[in-house]
Amino acid sequence: MKPHQTSLLRLLELAGLFLRLGFTAFGGPAAHIAMYRDEVVTRRKWLSDQDFLDLLGATNLIPGPNSTEMVIHIGLRRAGWIGFLLAGTCFILPAMSIVLILAWLYANYGTTPQSGWLMKGIQPVVIAIIIQALWGLGQKAIKGTQTAFAGLAALILYFLNLHPILILLICGSLVMVFENAKRLRSYNMTCAILIGGSSLVPLGVAPFSLGLLFLTFLKIGAVLYGSGYVLLAFLHADFVARLGWLTEGQLLDAIAIGQVTPGPVFTSATFIGYLLGGIPGAILSTVAIFLPAFIFVAASSVWIPRLRNSPWLASLLDGVNVASLGLMAGVTWQLARSSLNNPAGILLLLISGFLLVKYKINTTWLIFAGALIGYLFRLG
């Protein structure tokens, strides 16, 4: 096969995979990561588990939507800079389109379609997918006593409500120091961690403009770490408290739409943009909140391979990797507590886990099956 044919095939594979995941990746970042591993490590062999973990660790060290940044990284690794743009765009577009339709319904009918039955069927399947990924990745990430301790510490610190980025830095630094203890006798190490930020000068209630809408979402995408709940805090500070463009109820509806639809939770920006500025507002908001992710991935992709060549930085990355899995485990536990509250959900979890382990069923089909069961039995 000629080189240009190989490149075209890779681009078509990327587009097909991430368009499909854009329509079916329910459950938030932890579930997305699990689905990626199933597709690109287990099934397609595009990456090794170690490569996958290194990308996961790197995305956790930069702001933005981690699961979307993983998609962009995978696209870059698989098909260069065209793959970089194609993979990210294909993952975002389906979710954006679905949210746009729901925003139109919301704006015209004053409510959102009920989707409890859908999520009650999907959530147990998602938990099974995450548990399988945690098991597989954990076997690769835990390389000894230090990394095992770091993973456990990350889980404990998560439940103590410490900020995720601090957990990653603490656990990564501890593994780096302990695994390189002998070198401390020979080298002096200076470690400086600079955590800085800036904020816009409060403007009070401001008249609406597409330019200010774009800049506000650009700022949020550039500085936000954490989950959808952290996104809620940022959106409230800007759009409710500072600008006065949204009510509390509208904001909560926007977050709910981002969480119950497939793809990245950041598509809440699409919903808000449509409410405030119609189709142009939706497009500008979506571009603004995701643009920093592309920039951060482009910048960080250069130094990720170099981390493995330094014993200090490689052990730091090992610590961050296992801490990332600890955070995933914490999120999974909280999701399980809220969704596995009936025998049907527990049974669906067990069946999904069995099918994943025994028969390697594709996660997309399991998601669809869960949604169908939720509808047929009205689990919501």
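Notes on the structure follow. (Residues numbered from 1 in each chain as written. Predicted model: local features only at pLDDT ≥ 70, side-chain atom pairs only at ≥ 80, totals over all residues. Heavy atoms only, no water.)

1. A closer look at helix 14 (residues 343–359)
Between its first and last C-alpha atoms helix 14 spans 24 Å; for 17 residues at 1.5 Å apiece the expected length is 24 Å, and the two agree. All of the buried residues in helix 14 are Gly345, Leu348, Leu349, Ser352 and Leu356. What you see down the axis of helix 14 is that its buried residues fit within an arc of 105°, all on one side. Turned more than 90 degrees from where helix 14 packs its buried face, Pro343, Leu347, Leu350, Val357, Lys358 and Tyr359 sit exposed. Its side-chain oxygen placed 3.1 Å from the backbone nitrogen of Ala344, Asn342 serves as the N-cap of helix 14. (Helix = DSSP H or I, 4+ residues; strand = E, 2+ residues; numbered from the N terminus. Expected span 1.5 Å × (residues − 1). Buried < 20%, exposed > 50% of the residue type's maximum accessible area, 1.4 Å probe, protein only. Arc of directions from axis to C-beta. Polar contact = N/O pair within 3.5 Å; in protein donor to acceptor, adjacent residues only side chain to side chain.)

2. Section: the environment of Leu213
Within the secondary structure, Leu213 is located in helix 8 (residues 210–223). A residue is classified by how much of its surface remains accessible, and Leu213, at 0% relative accessible area, is buried. A C-alpha to C-alpha distance of 10.0 Å links Leu213 and Ala269, two positions 56 residues apart in sequence.

3. Looking at the packing of helix 3 (residues 49–60) against helix 4 (residues 66–109)
Across the interface, helix 3 lies against helix 4 with an axial gap of 9 Å and an inter-helix angle of 130°. Considered as vectors, helix 3 and helix 4 are oriented oblique to each other. In terms of crossing hand, the pair formed by helix 3 and helix 4 is right-handed. Between helix 3 and helix 4, the contacting residues are Asp51, Phe52, Leu55, Leu56, Thr59 and Asn60 on the first element and Asn66, Glu69, Met70, His73 and Arg77 on the second. (Axes fitted to C-alpha atoms, helices over the stretch in contact; angles between N-to-C directions. Parallel < 35°, antiparallel > 145°, perpendicular 65-115°, else oblique. Left-handed = near helix turned anticlockwise from the far one by under 90°. Contact = heavy atoms within 4.5 Å.)

4. Some words on helix 11 (residues 268–300)
The end-to-end C-alpha distance of helix 11, which contains 33 residues, comes to just 26 Å, noticeably less than the 48 Å that a straight helix rising 1.5 Å per residue would cover. Of all the bends in helix 11, the largest measures some 145° and sits at Gly277, one to four residues before the proline Pro280. (Bend = angle between axes of the 7 residues up to and from the residue.)

5. Notes on the packing of aromatic side chains
In the structure shown here, the tally under the stated rule is 12 aromatic pairs. On the basis of an interplanar angle of 70° and a centroid distance of 5.1 Å, the ring pair of Trp81 and Phe84 is categorised as edge-to-face. Pair noted here: Trp81 and Phe84 are both in helix 4, with a separation of 3 residues, about one helical turn. Geometry around Trp46 places Arg44 over its ring, the cationic atom sitting 5.7 Å from the centre. (Phe/Tyr/Trp six-rings, centres within 6.5 Å; stacked < 30°, edge-to-face > 60°. Lys NZ or Arg CZ within 6 Å of the ring centre and 35° of its normal.)

6. Brief notes about the pattern of salt bridges
Side chains bearing opposite charge may pair, as long as their charged atoms lie close to each other. Evaluated as defined, the whole model comprises 8 salt bridges. We note a salt bridge from Arg78 to Glu13, for which the minimum N-O separation is 3.3 Å. Of the two residues, Arg78 sits in helix 4 while Glu13 sits in helix 1 (residues 3–24), which places them 65 residues apart along the sequence. When its relative accessible area of 19% is taken as the criterion, Arg78 is described as buried. Using a relative accessible area of 30% as the deciding quantity, one classes Glu13 as partly exposed. (Salt bridge = Lys/Arg side-chain N within 4 Å of Asp/Glu carboxyl O.)

Shape is all these values report; function is a separate question.
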